[in-house]
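The residues making up each chain are set out below.
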Amino acid sequence: MKIIYTDVLVIGGGLAGLRTATGVKARGYEPIVLSLVPPKRSHSAAAQGGMQASLANSVMGRGDNEDIHFEDTIKGSDWGADQKIVRMFVNTCPKAIRELAAKGVPWSRVKKGERQAIMNAEKVTITEADEAHGLITARDFGGTKKWRTCYTADGTGHSMLYAMDNEAQKQKIEVHERMEAIALIHDSTENQQQRCYGAVVRNLMTGELTAYIAKATTIATGGYGRIYSVSTNAIICQGMGQAIALETGVATLGNMEAIQFHPTAIVPVGILTTEGCRGDGGVLRDVDGYRFMPDYEPEKKELASRDVVSRRMIEHIRKGKGVPSRYGDHLWLDITLLGREHIEKNLREVKEICENFLGIDPVEEWIPVRPTQHYSMGGIRTKYSGESQTLQGLYACGEAACWDIHGFNRLGGNSVSETVVSGMLVAEYIADYCDTKDSKVDINSNTIEFFIQQEKDKLDRLLKHKKGEDAFALRESMEQILMHKVGIFRNEADLESAVKELQELLRRSRNIAVKHSKSKAANPELVNAYRVQRMLKIALTVAYGALLRRESRGAHAREDYPERNDKDWLKRTIMSWPDQNSTMPDVNYETLDVEEMELPPGFRGYGKDITIHHPASELRQQQVMDIHAKLAEQDKDRFILQNTLMPYKHLLPEKYRGKNERLNERFPDLNNNSAAKGSTDE
């Protein structure tokens, strides 16, 4: 039995995992990072568009601050987010982006004077202040009132990931590559509370099983998009972090039914073209070349929230306005109006994707796009500290977690922000935990051996069977069920069918046979076999959660229940799997308290307001208005107002509680400058 001891085990080598590891290292604790691939190949590198932070350096972001970022995020979540967590998040974003700049991320910068831009399909002239020259700039993104999405061309995730990996190497952090955590090691403490002590880890090259034992274990493995047949996610985003937490029978998952579809993935392969295409001025067109989004969303048009744009696109296709192709109907993304210079500088990766996968030049031709699975709002349910609510010593951050800043829909640019912000904060909480006697590792070697043997037996059973189910066929069936029955639009009949079919697939998966290679070492067939068994459980949490939630909220759109029902469904779905022989998870709910909200539920601003309101919403809205009026009379600033409505600073590590400085606060006269004007240039 091979055992490796460390202070903190970080499962996942992307942005969230690396930022957590560097944070605990800075506090004097030794982390080990496990990664399926070399960290610089992590899916974090695929983030193109940018990272949200309310810097307000560009003239188009003038007046932005934490309050506006907070409101955008809560409305974007369709009031499903945890408002105190969102406050912690928006407060830390500017600190995170400046820290990344210091670590070498080459953020695009403001250039003083006039420049040309495309807004609402028209050329305009933007004049940047002299005082802003050289500061980090931002682009427009969906669902935001201000230009807030900071970027490095369309390779933001790439540059952030490389900077964080370089930092990890600088700190001499151990990264164990091609290593997969296949089970969490856990046991009862003296007071009978369940405690996580690390993981059973499989070497993907040799097949060797090793126990990694740690004071604290962090899951930062990203999302679970690959349960769908077409996804913008990397192949490794299969939900294994969520699955091994679920299989403890103790840790819980939150809001697994909350799945975001990105409006502009290319057809047919599903590779993403960044929201930056639309943020920089690109438009959507139908089979007739007609720009249709202003008909549906006159105010935000192509820059409505992602869930809204995706639904409007499908509605338009259903009206017969899609472009026929052998891969199904699609629509067009037109960025030709941005011009070659802009595209080759700020959207160069999009251009390369179009050239390599479509054989077109987007400078001259429209891009075929269709909404495709993109992001997982659900994940391992945590406290504000990132620790599991039910399994001590287990932490989660980034897309693997339901922390919960996204609720039922994520704003573009908030995901890469979350990776580094949650990594920053969770690292501090982990270090605080490691400072206490509660973190002492006190586990019997027999317990460790039990978990290793249990996983060895599972693998042996898969290899032993000569006849049995084909894991690849089961997986393909699962992906098709999710894509066609648990997609952008959902209904009772499809969801009931999906749950029943997935249950049957799960039953069949217990008789999988690895037929073509019996090797315990590098064996893709074996890897697929044991992952599919877990992916089916994740798929069931998604489908079953969607079936039970009889309302529409954010990206969860029920055609048979079109109203957002705050009266009955202003709550988080919580799932666990205590009985490993069962074919269904256990379900509970976590109520969101309207009376504690800084921003009570209201109209989101898209389409018609058909909300079924919570009985406490109107009273809380009046309380908030009264507090606003009273403090305005006393000439109190926005910080006092915010603290009166919903205190949160006490939850933050002390080092991150400070205020964020902005250019327009140092130079108030800048607020009087006009932002943009129409251009007469042809």
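The paragraphs below set out a description of the structure included in this document.

Parameters and conventions
- Residues numbered from 1 in each chain as written.
- Predicted model: local features only at pLDDT ≥ 70, side-chain atom pairs only at ≥ 80, totals over all residues.
- Heavy atoms only, no water.
- Helix = DSSP H or I, 4+ residues; strand = E, 2+ residues; numbered from the N terminus.
- Contact = heavy atoms within 4.5 Å.
- Pairing = 2+ DSSP bridges.
- Phe/Tyr/Trp six-rings, centres within 6.5 Å; stacked < 30°, edge-to-face > 60°.
- Buried < 20%, exposed > 50% of the residue type's maximum accessible area, 1.4 Å probe, protein only.
- Axes fitted to C-alpha atoms, helices over the stretch in contact; angles between N-to-C directions.
- Parallel < 35°, antiparallel > 145°, perpendicular 65-115°, else oblique.
- Left-handed = near helix turned anticlockwise from the far one by under 90°.
- Core = buried A, V, L, I, M, F, W, Y, C linked by side-chain atoms within 4.5 Å.
- Salt bridge = Lys/Arg side-chain N within 4 Å of Asp/Glu carboxyl O.
- Polar contact = N/O pair within 3.5 Å; in protein donor to acceptor, adjacent residues only side chain to side chain.

Here we come to the side chain of glutamate 387. Here glutamate 387 is to be found in the loop between β16 (379-381) and β17 (394-396). Apart from the residues within four sequence positions on either side, glutamate 387 is in contact with Arg381, Thr382, Gln392, Gly393, Leu394 and Tyr395.

With mixed pairing, 5 strands are arranged side by side in an open sheet as β18-β16-β11-β21-β22. Each end of this open sheet is capped by a strand with a single partner; those strands are β18 (401-402) and β22 (586-591). Of the pairings in the sheet, the one linking strand β21 (residues 571-576) to β22 comprises 6 bridges and is antiparallel in character. Residue isoleucine 574 lies in a different strand from β22, and its bridge partner there is asparagine 588.

Here the focus is the packing of aromatic side chains. Given two aromatic rings, their pairing is described by the distance between the two centres and the angle made by the two planes. Under the definition given, this model contains 7 aromatic pairs. When the ring of tyrosine 228 is compared with that of phenylalanine 261, the centres are 5.8 Å apart and the planes differ by 90 degrees; the resulting orientation is edge-to-face. One end of the pair, tyrosine 228, is in the loop between β10 (209-219) and α5 (240-246); the other, phenylalanine 261, is in strand β12 (residues 259-266), and 33 residues separate them in sequence. By relative accessible area, tyrosine 228 is classed as buried at 0%. Taking relative accessible area as the criterion, phenylalanine 261 reaches 6% and is therefore assigned buried. Consider the rings of phenylalanine 450 and phenylalanine 451, whose centres lie 5.4 Å apart with planes at 85 degrees: the pair is edge-to-face.

Close contact between helix α13 (residues 471-485) and helix α15 (residues 524-548) brings their axes to 9 Å; oriented N to C, the two are set at 25 degrees. In terms of orientation, α13 lies roughly parallel with respect to α15. Handedness of the crossing formed by α13 with α15: left-handed. Residue-level inspection shows Ala471, Phe472, Leu474, Arg475, Met478 and Leu482 of α13 in contact with α15, the latter providing Glu525, Asn528, Ala529, Val532, Met535, Leu536, Ala539 and Val542.

Now for the nonpolar core. Grouped together as the largest cluster of nonpolar side chains are 110 residues, with contacts concentrated most on Ile227 and Leu502. The element contributing the most residues to this core is α15, with 14 residues. Setting aside its immediate chain neighbours within four residues, isoleucine 227 contacts Met478, Glu479, Leu482, Met535, Ile538, Ala539 and Val542. Val10, Leu100, Trp107 and Leu570 belong to the second largest nonpolar core, which has 66 residues in total.

Looking now at the sheet that holds β12. Strand order in the open sheet made by the 4 strands is β12-β15-β14-β13, with antiparallel pairing throughout. Pairing within the sheet leaves two strands with one partner each, and these edge strands are β12 and β13 (283-285). The sheet shows a mean angle of 45 degrees between the axes of neighbouring strands, direction not considered. Alignment of β13 against strand β14 (residues 331-334), held across 3 bridges, turns out to be antiparallel. In the strand pairing of β14, arginine 285 is matched with tryptophan 332.

All right, on to the pattern of salt bridges then. Inspection of every chain in the model, using the stated rule, returns 63 salt bridges. Where arginine 534 meets glutamate 247, a salt bridge forms, and the shortest distance between an N and an O atom there is 2.9 Å. Note that arginine 534 is positioned in helix α15 and glutamate 247 in the loop between α5 and β11 (253-254), a separation of 287 residues in sequence. The class for arginine 534 is buried, based on a relative accessible area of 5%. When the shortest N-O distance is used, the salt bridge between glutamate 469 and arginine 508 registers 3.1 Å. Taken together, the positions of glutamate 469 in the loop between α12 (445-464) and α13 and arginine 508 in helix α14 (residues 492-509) put the pair 39 residues apart, joining distant regions of the chain. Overlapping salt bridges bring together Asp78, Glu257, Asp307, Arg311, Arg549, Glu551, Arg553, Arg564, Asp566 and Arg604 as one network.

As a further point, take helix α2 (residues 66-76). Among the 11 residues in α2, 8 count as buried, and that is most of the element. Within α2, the full set of buried residues consists of Glu66, Ile68, His69, Phe70, Asp72, Thr73, Ile74 and Gly76. Those residues of α2 hidden inside the fold are in contact with β3 (51-52), α3 (83-102), α11 (414-434) and α18 (638-645). Its side-chain oxygen placed 2.9 Å from the backbone nitrogen of aspartate 67, asparagine 65 serves as the N-cap of α2. In the stretch just after α2, aspartate 78 is the one whose phi turns positive, near 55 degrees.

The subject of this paragraph is the pairing of β14. Bridge analysis of β14 against strand β15 (residues 367-376) gives 3 bridges, and the strand direction is antiparallel. For leucine 331, the partnering residue across the bridge sits in β15 and is valine 369.

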